[in-house]
Amino acid sequence: MTVESSSPSPEKIGGKVDRVLFGFAVGLIISATIPIALFPEQSSRIIQDSYTLLADKLGIFYQWATIAVVIFLIWIAASRYGNVRLGRDDESPEFSLFSWGAMLFCAGIGAGLMYWATIEWAMYIESPPYGAEPRSVEAIEWAASYGLFHWGFAAWCLYCLPTLAIAVPFYRNNLPTLRLSVSLHGLFPRHDEHHWLSRSVDFLFMIALVGGTGTSLGLATPMISAAMGRLIGVEQSFGLDVAVLFLCVAVFGTSVYMGLDRGIRRLSDINVICVLLLATYVLVAGPTLFILRMGTDSIGFSIQNMVRMITWTDPVTRSGFIEGYTVFYWAWWVAYAPFFGLFVARISRGRTVRGVIVNMMLLGSLGCALPYIVFGNYGLNLELTEQLSVTQIIKDQNPQAAITEIFLTLPLGMLALAAFMVISIIFAATTYDSASYALAAAATRHLEPGQNPARWHRVFWAFGLVALPIALMFIEGGLKVVQSATLVVSLPILVLGVFMSWSLVKSLRDQ
Ligand code: NM2
């Protein structure tokens, strides 16, 4: 994903590094990773236990927050506030609906989608929700549909709230800077970007972003390295994982250093086309009718069961499904939401509040559904027809090995796997790019419109972001490490969300 499309020309570098914010953020990352490096086993145990505890005790708040945001946004879209235009009342949208949709999709989605779209069904089919019989028709339908819910309507509402909370005051009150603290303007209209409250919000923004991208990169790296290992005939190892990580940072670092900002943006556009091409190939070369049937079925199934899924707390069996998946997903979306909101606010000039809500829900959910339907159901078909036991590979090895094997079963499998790998590398590199830009901008004191943070500062953050994925690959149960990090960092944003909603209503009332 990338936000470069709206970042101004790389030549204009401005602002001074905000030492306090910078120090705090670096200190926090170091203090989180050093104990993991020194005491991997104990850290692994403590982290896994704390994830279980936190998700168990706090999970319900994430579920309530999601329900509340969905209702809140439907109300705003249906009310007269939906007519408020982001900009002057007579302004027309700056970007066409297509470009706007493509840009917001690239900003909000990354390699994580490729990982889960291909494999999420396999996590559910043997331990399905709602007490369904493992591998029964019901279990299969839940397995094929749950991913659409986790990346669907409700999830995009979590992204939409900060977008509007930032965009409404920014455009309607003509604010000079675009920072997360703008989302509280309705409550604190006189506080500027240097106020301690604004700086604290910026700090939360940085930490949430590190945690959110940590999960994406922590999932993408072993996936890319498994594919690469298979293509070049080398066993996957910690060394290969680290090499892949640095390859992704190098792709990004070189582009920033050579001032190829627009190059990486174009790369991300090309990536969307590559995903579409690969999906078309899998659809045509794979069991086309099964994919289309299962896809249609799961869209209907997930729409019909949306209320069931959004309110299911699993009170009786406490199977761990909610804590392991739904709560983790909500936390992941929440952690990314401020970053996404800041970017989409930038590109939404001239749109109405209603237009932003409705189009984001539709385009976002449909865009995420496509890889789920094609890649996911391709893998599901392999399992059901016993051509490849995906679930067994996950048990014997790991999910990334299963993803690799799924693509290798296609005609011209090596080529398909290579395409999948390149797509994932570009997704990871663009995540480094946009996240490090946002981190550097947040830790810079006052950027004039059109100015960029220093290049070394951006490259520095790209290396800062490497810490969490390394921790993931280094210790056992590493996925839980990044999941815990995401859960912890998203908590303050959840609280902030309450104030954002309040501030948004105040800003809308003032119009
Ligand atoms: N979200 C959308 O890796 C990714 O796809 C980044 C993940 C938050 C679940 C976004």
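Residues numbered from 1 in each chain as written. Predicted model: local features only at pLDDT ≥ 70, side-chain atom pairs only at ≥ 80, totals over all residues.

A. Up close: the environment of Val 201. Structurally, the position occupied by Val 201 is in helix α7 (residues 196-232). Of the residues examined, Val 201 has 25 C-beta atoms within 10 Å and is grouped as buried. Val 201 sits 87 residues away from Met 114 along the chain, and the two C-alpha atoms are 31 Å apart. If we ignore the near neighbours within four places in the chain, the residues touching Val 201 are Leu 180, Ser 181, Leu 184 and Leu 496. (Helix = DSSP H or I, 4+ residues; strand = E, 2+ residues; numbered from the N terminus. Buried ≥ 20, exposed ≤ 12 C-beta atoms within 10 Å, placed from the backbone. Contact = placed C-beta atoms within 7 Å.)

B. Inspection of the site of the ligand at higher detail. Around the ligand, the neighbouring residues are Gly 108, Ile 109, Gly 110, Ala 111, Gly 112, Leu 113, Ser 216, Trp 332, Trp 333 and Tyr 336. Looking at the shell around the ligand, the elements with two or more residues in it are α4 (111-124) and α12 (321-347). Classifying every residue of the shell around the ligand gives 6 nonpolar, 4 polar and no charged. (Near = placed C-beta within 6 Å. Nonpolar A, V, L, I, M, F, W, Y, C, P; charged D, E, K, R; others polar.)

C. Examining the packing of helix α5 (residues 137-150) against helix α10 (residues 288-304) more closely. Orientation of α5 relative to α10, taken along the N-to-C sense of each, is 65 degrees, at an axis distance of 8 Å. Taken together, the axes of α5 and α10 lie roughly perpendicular to each other. α5 and α10 meet at a crossing whose hand is right-handed. For the pair α5 and α10, the contacting residues are Glu 141, Ala 144, Ser 145, Leu 148 and Phe 149 in the first and Met 294, Asp 297, Ser 298, Ile 299, Phe 301 and Ser 302 in the second. Of the residues in the contact of α5 with α10, the class split is 6 nonpolar, 3 polar and 2 charged. (Axes fitted to C-alpha atoms, helices over the stretch in contact; angles between N-to-C directions. Parallel < 35°, antiparallel > 145°, perpendicular 65-115°, else oblique. Left-handed = near helix turned anticlockwise from the far one by under 90°.)

D. View of unusual backbone geometry. Despite not being glycine, Arg 135 has its phi angle at roughly 65 degrees, a positive value. Relative to the helices and strands, Arg 135 is located in the loop between α4 and α5. Judged by the 15 C-beta atoms lying within 10 Å of it, Arg 135 falls in the partly exposed class.

Keep in mind these values describe shape, not function.
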